[in-house]
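Here's the letter readout for the chains.
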Amino acid sequence: MYRIISNEIIKPSIGRMVVEAPYVAEHRKAGQFVMIMVDEKGERLPLTIADSTPEHGTITLIYQIVGTTTAKLSSMKSGDCLFAVAGPLGHPTEIKNYGTVVCAGGGIGIAPLFPIAKAMKASGNRVINILGARNSDLLILEEELRAVGDKIFICTDDGSRGEKGLITQPLTGILKEERVDLVVAVGPVPMMKAVSELTKEYNVKTFVSLNSIMIDGTGMCGGCRVIVGDELKFTCVDGPEFDGHLVDFESLGKRLKTYQKEETESFEQYKHKCKLEGAFNGK
Amino acid sequence: MASKAPRHKMPEQSPEERVKNFNEVPLGYSPEMAIAEAQRCLQCKKPLCVEGCPVNVSIPEFIKEVADGNFLKAIEIIKDTNSLPAVCGRVCPQENQCESKCLLGIKGEPVAIGKLEGFVADYEREVLHLPLVSSNKKTDKKVAVIGSGPAGLTVAGELAKLGYSVTVFEALHLAGGVLVYGIPEFRLPKKIVSYEIECLRQLGVEFVLNTVIGLSESLSDIKARYDAVFIGTGAGLPSFMNIPGEDLQGVYSANEYLTRVNLMKGYLFPEYDTPVIKGKRVAVFGGGNVAMDSARTAIRLGSKEVHLVYRRSLDEMPARKEEIHHAQEEGIIFDILTNPLRFIGDNSGRLCGVECIKMELGEPDESGRARPIPKRGSEFIMDIDVAIIAIGNGSNPILQKSAPDLQCNKWGNIIADKQSMKTSVEGVFAGGDIVTGAATVIEAMGAGRKAARSMAEYLETGKW
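Residues numbered from 1 in each chain as written. Chains lettered and ligands numbered in written order. Predicted model: local features only at pLDDT ≥ 70, side-chain atom pairs only at ≥ 80, totals over all residues. Heavy atoms only, no water.

> Can you help me understand the packing of helix 5 (residues 71-81) of chain B against helix 8 (residues 113-128) of chain B in this one?
Each packed pair of helices is defined by two parameters, the angle between the axes and the distance between the axes. Residues and elements named next belong to chain B. Where helix 5 contacts helix 8, the axes come no closer than 9 Å and their chain directions differ by 115°. The handedness of the crossing between helix 5 and helix 8 comes out as left-handed. Residues F71, L72, A74, I75, I78 and K79 of helix 5 lie in contact with helix 8, whose contacting residues are E117, F119, V120, A121, Y123, E124 and L128. Per-class residue counts for the contact of helix 5 with helix 8 are 10 nonpolar, no polar and 3 charged. (Axes fitted to C-alpha atoms, helices over the stretch in contact; angles between N-to-C directions. Helix = DSSP H or I, 4+ residues; strand = E, 2+ residues; numbered from the N terminus. Left-handed = near helix turned anticlockwise from the far one by under 90°. Contact = heavy atoms within 4.5 Å. Nonpolar A, V, L, I, M, F, W, Y, C, P; charged D, E, K, R; others polar.)

Below you can see the structure in the form of structure tokens.
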């Protein structure tokens, strides 16, 4: 079992959990992920590792509460245990000195971006971070990323924090002004698609980290398959990072909606159950 | 002579009843039926059935004990060579193995060897509750087993019995490999698998779950920590057909579909959190046991119509006869001599149909089976909302990638000696689907037995 050290809500719908997983903490590299199961009846959910403290044997997971599993996650207390944490999985990000690297994170994608930006900086790159979110309530790790980058741009769709607008706006400015050797983009599909289209115009190499639906995370089910160039690739074992200029984002976006109906059904039932239990406890 | 009696039919849930549940289909022999069936055995002096068994169970000997009502003795004889009899009694293709050699089968029906094996194993588990015998001979040698499927479990059991300290690494959150993620509950109840694994735990085998070897730790990292290593990582990489539309919502690999339902208990959604699309009209592509399992799972999930689309004819189907028979009884529609060309989706990317073409059989191909040839102009469209691709699995490359000196063939299967199961790396053995490509549970167990024997020899002598 994997004991939870702390679990706090850092923004209205975003939680940060520190959990014991010594093997993962010892071995994980930037860009890798874990598969977690909250309890025995839970689903297997891929989560990118935001940070780790090998000497404590712990890893940090940041999650947005969007459905049953993440709601269950948010309800767990320190001392509780996760049923399973498997990993680290997937290929690590190719970290080396590229020159100037732009790290662009959208929404909850900022969490997996953090270790990548940190590692890029540590290997001598000039790192420019761009963080974007729908609003300030969904904007995370601003200070952490400010500390590991040479420059930072913040934007929100509604202007409640930083510039009003999309990540592509500051990115266009940077690409016009200076030589960029690599862009790493992690976030919602439309954001990664827009970033990749833009960097293609400027012919700048771009990595995107995909968040496909997975079951095992080890290459066994093929549920995370994605079209890259002309090939069918598995996000879990071939990725999770791919060349953004080759990914078929439209296909990926549609596949992510496969279980929309079932996810809503499950979440409604979970909320209903919580309400009943709450009433029973006199809450 | 008792052998003239017809084979005792196994009582089963009726098709109408069983398509509504995931309970096991056969209900099991009663002790009286088992004794009567065992009495049919001719007790051949040179038993051919034993040759037909990949692990050479002493079949006439155990059947003799069943006939005499000595079920305890019978299970002891089986367990001497087969560590998972409750599993094998259910999933072995006996009609191509032991039972195909039975002399009674020449004129009539062979002895129900598999059913008897299952009976005594169940009797031990449910009635006798035998205490576990762990070895008193302990050695300080350590063995790592990578993968907890049938091959790995066999190696673990055999070596633990010899007193070695065995650690099994498993990527998933449950041990059992294909026995838990692949084979459905109605064919192999999961309580049987967990019982077998519990037995191994009591023998002292340690299971390390949620751990993938080959990513953070390479094969040589593991080798450095153990005296011998067995690789039984199976054939877990699903093949797709490379036709248009395979990325549509509703198109599954059989591995994904079965894993969602079996391992993650998707059939109990939303009590369990993992969903699976319950299609109204489902098509399964393939003709093996996995295809049958998928089709029969779909009908149990409440699909109105389930098609099994296979490009050759019924005669070439590689599935066990019993599975084909059960599937037909359950109303699966067999579209033989048919091959898919492309999947068709609606505007939101959801599967709504498949275009197929009729096939005819030509000359035998390299597999010896008649080659299917498309019939020009016979294309047609079938409306479906779920497609399950069950055309086989390749080898999972994760571990091999971490070990450049481990020799593999062009399909990525590890090359191992057929008798000793030794690989190209000293101290490393391999067996099961990762060596042979997708095959059966019992063949993997046979390889596991051979490997265990040769590993014990290597551990004792240090000779490679």
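> What exactly am I supposed to notice about the domain arrangement of chain A here?
Accessible area lost upon the coming together of the parts serves often as the stated size of an interface. Residues and elements named next belong to chain A. Once the domains are mapped, chain A shows domain 1 (2-89) and domain 2 (100-256). In this complex, domain 1 contributes 21 residues to the contact, which on the side of domain 2 involves 24 residues. Interface area, domain 1 with domain 2, both sides summed: about 1,700 Å², of which 63% is carbon and sulfur. Contact with domain 2 buries surface across domain 1, with K11, F33 and I62 losing the most and accounting together for 23% of the total. As a salt-bridge pair, D51 and K118 come within 3.3 Å of each other at their nearest N and O atoms. Summed over the shared surface of domain 1 and domain 2, the result is 5 residue pairs in polar contact (both at pLDDT 80 or more). Mapped by element, the contributors of at least two residues to the side of domain 1 that touches domain 2 are strand 1 (2-11), strand 2 (14-20), strand 3 (33-37), strand 4 (45-53) and strand 5 (58-64). When residues of the side of domain 1 that touches domain 2 are assigned to their parent elements, the largest contribution, 5 residues, is made by strand 4. For the side of domain 1 that touches domain 2, a count of residues per class yields 12 nonpolar, 4 polar and 5 charged. (Domains from an automatic or database assignment. Buried area = accessible area lost by both parts, 1.4 Å probe. Salt bridge = Lys/Arg side-chain N within 4 Å of Asp/Glu carboxyl O. Polar contact = N/O pair within 3.5 Å; in protein donor to acceptor, adjacent residues only side chain to side chain.)

> It is not clear to me how the interface of chain B and chain A should be interpreted in this structure. Could you clarify?
Counting residues at the interface gives 42 residues for chain B, matched by 44 residues for chain A. When chain B packs against chain A, close to 3,700 Å² is buried across both sides, 57% of that on carbon and sulfur atoms. For chain B, the biggest contributors to the area lost against chain A are N210, D247 and D273 of chain B; these three give 18% of the whole. Scanning the region where chain B abuts chain A turns up 2 salt bridges. The salt bridge partner of E271 of chain B is K41 of chain A, with a shortest N-O separation of 2.7 Å. On inspection of chain B and its partner chain A, the count reaches 18 residue pairs in polar contact (both at pLDDT 80 or more). In terms of residues, the side of chain B that touches chain A owes the most to one element, helix 13 (residues 254-263) of chain B, which gives 4 residues.

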